[in-house]
Protein chains: 2
Amino acid sequence: MSNKPTIQKMPQALRQRIRTGAHSSPTTGFAADYVQANLMILPQSLAAEFLLFCQRNPKPCPLIAVSEPGQYLLDEVGLDLDIRTDVPRYRVWQHGQITAEVTDITDYWRADLVSFLIGCSFSFEQALLAEGLRLRQIDEGVNVPMYKTNIATHPTKRLHGPMVVSMRPFIAADAIRAIQITSRFPSVHGAPVHIGDPSQIGIADLGQPDYGDAVTVHDNEIPVFWACGVTPQSIIEAAQPEFCITHAPGHMLVTDILNSSLAVF
Amino acid sequence: MSNKPTIQKMPQALRQRIRTGAHSSPTTGFAADYVQANLMILPQSLAAEFLLFCQRNPKPCPLIAVSEPGQYLLDEVGLDLDIRTDVPRYRVWQHGQITAEVTDITDYWRADLVSFLIGCSFSFEQALLAEGLRLRQIDEGVNVPMYKTNIATHPTKRLHGPMVVSMRPFIAADAIRAIQITSRFPSVHGAPVHIGDPSQIGIADLGQPDYGDAVTVHDNEIPVFWACGVTPQSIIEAAQPEFCITHAPGHMLVTDILNSSLAVF
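Read on for an overview of the structure. (Residues numbered from 1 in each chain as written. Chains lettered and ligands numbered in written order. Predicted model: local features only at pLDDT ≥ 70, side-chain atom pairs only at ≥ 80, totals over all residues. Heavy atoms only, no water.)

## So, helix H6 (residues 231-239) of chain B
Alright, step 1. Considered for burial, the residues of H6(B) that qualify are Thr231(B), Pro232(B), Gln233(B), Ser234(B), Ile235(B) and Ile236(B).
Alright, step 2. Two residues or fewer after H6(B) comes Gln240(B), characterised by a positive phi angle close to 50°. (Buried < 20%, exposed > 50% of the residue type's maximum accessible area, 1.4 Å probe, protein only. Helix = DSSP H or I, 4+ residues; strand = E, 2+ residues; numbered from the N terminus.)

## Considerations on the environment of Asp33(B)
Residues and elements named next belong to chain B.
Alright, step 1. Of note, Asp33 is situated in the loop between helix H1 (11-19) and strand E1 (34-43).
Alright, step 2. Spatially, the C-alpha atom of Asp33 lies 8.6 Å from that of Met10, the residues being 23 residues apart in sequence.
Alright, step 3. The contacts of Asp33, once residues within four sequence positions are left out, are Gln126, Ile257, Leu258 and Asn259. (Contact = heavy atoms within 4.5 Å.)

## With respect to the sheet that holds strand E6 (residues 146-152) of chain B
Residue and element names in this part refer to chain B.
Alright, step 1. If you walk across this open sheet you meet the four strands as E6-E7-E9-E8, and the pairing is antiparallel. Edge positions in the sheet fall to E6 and strand E8 (194-195), since each of these pairs with one other strand and no more.
Alright, step 2. Where E6 and strand E7 (residues 162-170) come together, four bridges link them in antiparallel fashion. Counted as the bridge partner of Lys148 is Val164 from E7. (Pairing = 2+ DSSP bridges.)

## A closer look at the relation of the copies chain A and chain B
Alright, step 1. It takes a turn of 180° to lay chain A on chain B, together with a shift of 0.0 Å along the axis; the resulting RMSD is 0.0 Å. Viewed as a symmetry operation, the transformation between the two copies matches a two-fold axis. For chain A, the residue whose C-alpha comes nearest the rotation axis is Gln180(A), separated from it by 3.1 Å.
Alright, step 2. The share of interface residues of chain A whose copies in chain B are also at the interface is 100%, consistent with both copies meeting through the same surface. (Least-squares fit on C-alpha atoms with pLDDT ≥ 70 in both.)

## Details of the state of the cysteines
Structurally, a disulfide amounts to a covalent bond that connects the sulfur atoms of two cysteines.
Residue and element names in this part refer to chain A.
Alright, step 1. A complete count under the given rule lists zero disulfides over all chains for this structure.
Alright, step 2. Cys120 takes part in no disulfide bond, and the closest cysteine sulfur to it belongs to Cys228, at a distance of 8.4 Å.
Alright, step 3. Distance from the sulfur of Cys244, which forms no disulfide, to the nearest cysteine sulfur (Cys54) is 13 Å.
Alright, step 4. Residue classification places Cys244 among the buried positions, given a relative accessible area of 0%. (Disulfide = S-S within 2.5 Å.)

## Describing the packing of aromatic side chains
Alright, step 1. Under the criterion given, the structure shown has 11 aromatic pairs over all chains.
Alright, step 2. Between the aromatic rings of Phe50(A) and Phe116(A), the centroid separation amounts to 4.8 Å while the plane-to-plane angle is 80°, which identifies the pairing as edge-to-face. Of this pair, Phe50(A) sits in helix H2 (residues 44-56) while Phe116(A) sits in strand E5 (residues 113-119), and the two are 66 residues apart along the sequence.
Alright, step 3. What makes Phe50(A) buried here is its relative accessible area of 0%.
Alright, step 4. Plain terms: the ring middles of Phe265(A) and Phe265(B) are 4.0 Å apart, the flat faces sit at 10° to each other, and that makes the pair stacked. Highlighted residues: Phe265(A) in the segment after strand E11 (253-258) and Phe265(B) in the segment after strand E11 (253-258), drawn from two different chains.
Alright, step 5. A relative accessible area of 37% means that Phe265(B) is categorised as partly exposed.
Alright, step 6. Grouped by ring-pair contacts, the aromatic residues Phe50(A), Phe53(A) and Phe116(A) constitute a single cluster.
Alright, step 7. Over the ring of Tyr72(A) we find Arg84(A); its NZ or CZ atom is 3.4 Å from the centre of that ring. (Phe/Tyr/Trp six-rings, centres within 6.5 Å; stacked < 30°, edge-to-face > 60°. Lys NZ or Arg CZ within 6 Å of the ring centre and 35° of its normal.)

This is the structure we're talking about:
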């Protein structure tokens, strides 16, 4: 019998700690067997169009769940899950600008808000680690580097902009294995969108990511690029809706869905 | 109704033409929906060890079927298939040297000979083409380029040597797709063994293949390398058994097995 606390391996207990304010830090590594989601909360007036945008851009915006307008209890993805309190840190946006960063959005809640839960690379990273691959950003203790690309998303009337990608370097054999493993997880970005030469997708310098931190890329390694769930935040920045709420980077919504249940084969 | 002959789309009819000498040329593109196999016929004295070699090296030597000693009718892979007559061109080897190239090995047949049918990249190429990818060697009308590498096979007592790979260049998105598609076909070499820098696997110059022909590789393309069924011939050259028979390159054994039946998902 161990006396170490194991509570945070379970998503329900972790959400309870988040709700009470006992956990307000990033969720990386917590409840690691369970799906963590990017969050986008939009007024109903833009929700239908954002849903269409996600349908047209499944690689950067793979939908895990979409709420009804005003619905804040999301039992279908987590027992007793309350979207207003169960994310460690939220960003409140007005007209494309961050106007508040909070740990509870109960005071901001509106009856017309629709929540979009978008798959996150933590799920496929868990699968990569489980198969023995190493992730450089974890080894170097930093956030994964993310880059705006010259890959256009498929636009809707008001939503358009470049795809954001995350990058992980691997030797060739591991790059092949990573492509195989992540192909099994289409609902959390799936297979990479690019491998090799960064300039082919409009990245001038791997050492200068647009989000996250730079990591070491050795001469014998191939950079592998996945569509990134930061893409919708970048799109929303450009679209400047009057109001929306997202999670703060790294502070994800932890669901009760097992990562392994997302594997399609 | 077309009057064009369609007979060669069916493996039974193609084998009949081969057996009668009406077809003694390469089989590429014929009966393209069906598995074509590399052939290695060895005396029983070396067969058990070669079987072990294949077990230890499934990527270059994926076994489709292995006969009993002396068995020349292989009904399990093709209706009325006779291994002595149904390959368009054979190579007879003595002590590691080719001593004859013939279209019928009935006169060479021995009661101790064991036939190994080894998967061939034609099967996965068919899957790549079916999904819309282009193959450079087909577009350029040449044989696929093959190279000896510095990747050692897993040896047995008498059988050892470098892995031979085939190379197909793709832009990054198609390389990712090709990795996905060929991963579905482990019994015909499966996923690539390398992508990118040829020097990492001991290939000094893509323009100088050890077998087959060089193809154009554009600046924006990634060379993708698959384990190749020529590997066992290279191993046998080194092991110099007193006697063996192989197919001549490109002149494959055409089976009744559908390529599509080899997909594992």
